[in-house]
Amino acid sequence: MRQYKNEQSGRSMIEMMGYIAVVMSITVSVGYLVSKAYGDYKFSKASLQLSDLANSITKAGAIEPNYAEIVSMVNDKDNAEGKKIIPETFRVNENGQSRQIYHAFGGSVTIGHPDGDTTKFSIKFDNLNRNQCIEMAMKDWLQNKYADLYSITVNTAQQWNWPVYSGSSGNTLPIKRSAVAGKTADDTGACSEATGNNIMWVFN
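Report follows, based on the coordinates. (Residues numbered from 1 in each chain as written. Predicted model: local features only at pLDDT ≥ 70, side-chain atom pairs only at ≥ 80, totals over all residues. Heavy atoms only, no water.)

Thoughts on the state of the cysteines
In plain terms, the rule: A pair of sulfur atoms, both from cysteines and within 2.5 Å, is called a disulfide here. Each helix is a run of H or I in the DSSP string that is no shorter than four residues. Each strand is a run of E no shorter than two, and both are numbered from the N terminus. Working definition: with a 1.4 Å probe on protein chains only, accessible area under 20% of the residue-type maximum means buried, over 50% means exposed, and in between means partly exposed.
Scanning the entire structure with this criterion turns up one disulfide. The residue that forms a disulfide with cysteine 133 is cysteine 191, at a sulfur-sulfur distance of 2.0 Å. Looking down the S-S bond of the cysteine 133 and cysteine 191 bridge, the torsion is -70°, so its handedness is left-handed. Of this pair, cysteine 133 sits in helix H4 (residues 130-137) while cysteine 191 sits in the loop between helix H6 (177-181) and strand E8 (197-203), and the two are 58 residues apart along the sequence. With relative accessibility at 0%, the residue cysteine 191 sits in the buried group.

What follows is the structure in structure tokens.
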């Protein structure tokens, strides 16, 4: 009788360990799915933010000779009309000397002019991790409604233009994944940093 009880106890312990292993496996799987879904949501939001901001600036500057006044309005924290140009999906801080905008991933957004050229405007997303950098760099601009993308620069090092702007030389859009993610384990691509990557989009 004692031997029978010991065997029952042993089987129960093994079964319990099996149950725990199954629960842990399910928990890890669910956690991964939730994390992936949240990451996809953040990317979708950031991608939409970028399109909406570019379109908003383009429409605001439609009757202007260039984008100098529009960019100045957006960056001036005391300019109420400039704030209206910024889509409400962005977080905006006006406590400092200038208006600070933050994208969906939490990094800062800088709006300016590439090389001082006021006929164009630039939008830069800072502090992107490697995966965010890769996905945002490969954003599809073929369906964009208003803003005309001129170029994309990743980490201030590599620039891509549409063929009509770059001619036969340089990197041409759209960006291939291998260019930003790397082709081999030793090739990190343009989005080379684990954190702290930045992308600048230029529009005309």
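A short note on the sheet that holds strand E2 (residues 100-102)
How we decide: If DSSP finds at least two bridges between two strands, the strands pair. We call two residues in contact whenever any of their non-hydrogen atoms come within 4.5 Å of each other. Interaxial angle, 0 to 180 degrees, is taken between N-to-C directions of lines fitted to C-alpha atoms, where a helix line uses only the stretch in contact.
Judged by pairing direction, the sheet is mixed, and its eight strands sit side by side in the order E1-E2-E3-E4-E8-E5-E6-E7 without closing on themselves. With partners counted over all chains shown, the strands left at the sheet margins are strand E1 (91-93) and strand E7 (171-172), one partner each. Here strand E4 (residues 121-128) pairs with E8 via six bridges, running antiparallel. Among the inter-strand pairings, isoleucine 123 is bridged to a residue of E8, identified as tryptophan 201. The strands touched by helix H2 (residues 68-75) are E2, strand E3 (108-112) and E4; relative to E3, the strand with the most contacts, the crossing angle is about 150°.

Quick notes on the packing of aromatic side chains
Here is the rule we go by: Under the pairing criterion, centres of Phe, Tyr and Trp rings, with the six-membered ring standing for Trp, must be within 6.5 Å; the plane angle then separates stacked pairs below 30 degrees from edge-to-face pairs above 60, leaving the rest tilted. Both a distance and an angle decide whether a charge sits over a ring: NZ of Lys or CZ of Arg must be within 6 Å of the ring centre and within 35 degrees of the ring normal.
Inspection of the entire model under this criterion finds four aromatic pairs. Their ring planes at 20° and their centres at 5.1 Å tell us that phenylalanine 121 and phenylalanine 203 sit as a pair that is stacked. A residue pair is termed long-range when its members are at least 10 positions apart, and phenylalanine 121 in strand E4 and phenylalanine 203 in strand E8 qualify at 82 residues. Residues phenylalanine 125 and tryptophan 201 carry aromatic rings whose centres are separated by 5.3 Å and whose planes lie at 80° to one another, so their mutual orientation is edge-to-face. With a gap of 76 residues between them, phenylalanine 125 in strand E4 and tryptophan 201 in strand E8 connect regions that are remote in the sequence. A relative accessible area of 0% places tryptophan 201 in the buried class. Among the aromatic residues, those joined into a ring-pair cluster are Tyr67, Phe121, Trp141 and Phe203. Lying across the ring of tryptophan 141, lysine 139 places its NZ or CZ 4.7 Å from the centre.

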